[in-house]
Amino acid sequence: MFRRREAVPFSFVAESDRFRSNVTPPPSARATVPELLGRSLVGLTVVAGLVGSLLLGLPALDSEQSPAHGKQSEASQGR
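Because the structure is a prediction, the values reported are computed rather than measured.

Quick notes on the rules
Along each chain, the written sequence defines residue order, and numbers are assigned to residues from 1. Owing to the predicted nature of the model, reporting of local features is limited to residues with pLDDT of at least 70; listing and counting of side-chain atom pairs is limited to 80 or more, with chain, interface and lining totals taken over all residues. As a rule here, side-chain values come from all non-hydrogen atoms in the structure, and water together with hydrogens is ignored. The helix and strand labels rest on DSSP assignments: H or I over at least four residues marks a helix, E over at least two residues marks a strand, and numbering proceeds from the N terminus. Remark: exposure states derive from per-residue accessible area (1.4 Å probe, protein chains only) relative to the maximum for the residue type, with buried under 20%, exposed over 50%, and partly exposed in between. For the area figures, the Shrake-Rupley method with a 1.4 Å probe applies, and any residue is considered shielded solely by the protein chains shown. UniProt positions are given in the numbering used here, feature names are shortened, and annotations may be inferred rather than shown by experiment. Surface patches are defined over residues having more than 30% relative accessible area and no salt bridge, joining like charges when they lie within 9 Å and nonpolar side chains (Val, Leu, Ile, Met, Phe, Trp, Tyr) when within 5 Å. Just to be clear on terms, a salt bridge is a Lys or Arg side-chain nitrogen sitting within 4 Å of an Asp or Glu carboxyl oxygen.

### Regarding the overall build of the chain
Secondary structure summary: the chain contains three helices and zero strands in total. Secondary structure of the chain in N-to-C order comes out as α-α-α. Counting every position in the chain, which comprises 79 residues, the buried fraction comes to 0%. With the model as given, the accessible surface of the chain reaches about 8,600 Å², and the carbon-plus-sulfur share is 62%.

Here it is as structure tokens:
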């Protein structure tokens, strides 16, 4: 009946690994001083946030600390 045709000729697929382009990509632009300062500021902000959360969270993770008050609630103390 009808023959299915390939979307891409096989010879093109076979030769694709040897294909070399004669067009060179444009050189990558160097980052300017304000861009570098902005990137470093964002990095320092992230690191400072992580360190701050670690410092504030360590006392809550301490399992050896005994509770400051007994098991009775403040409402039951007056009874």
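### Examining the UniProt feature "transmembrane region" (unreviewed entry) in the chain
Taking the numbering used here, the UniProt-annotated feature "transmembrane region" (unreviewed entry) corresponds to residues 41-61. Each end of residues 41-61 is marked by a C-alpha atom, and these two atoms are 30 Å apart; helix forms 100% of the span and strand 0%.

### Structural notes on a nonpolar patch on the surface
A cluster of nonpolar residues, Val-47, Val-51, Leu-54, Leu-55, Leu-58 and Leu-61, forms a patch on the protein surface that exposes about 610 Å² of accessible area. Looking at the secondary structure, you find Leu-61 in helix α2 (residues 33-61). Judged by its relative accessible area of 67%, Leu-61 falls in the exposed class.

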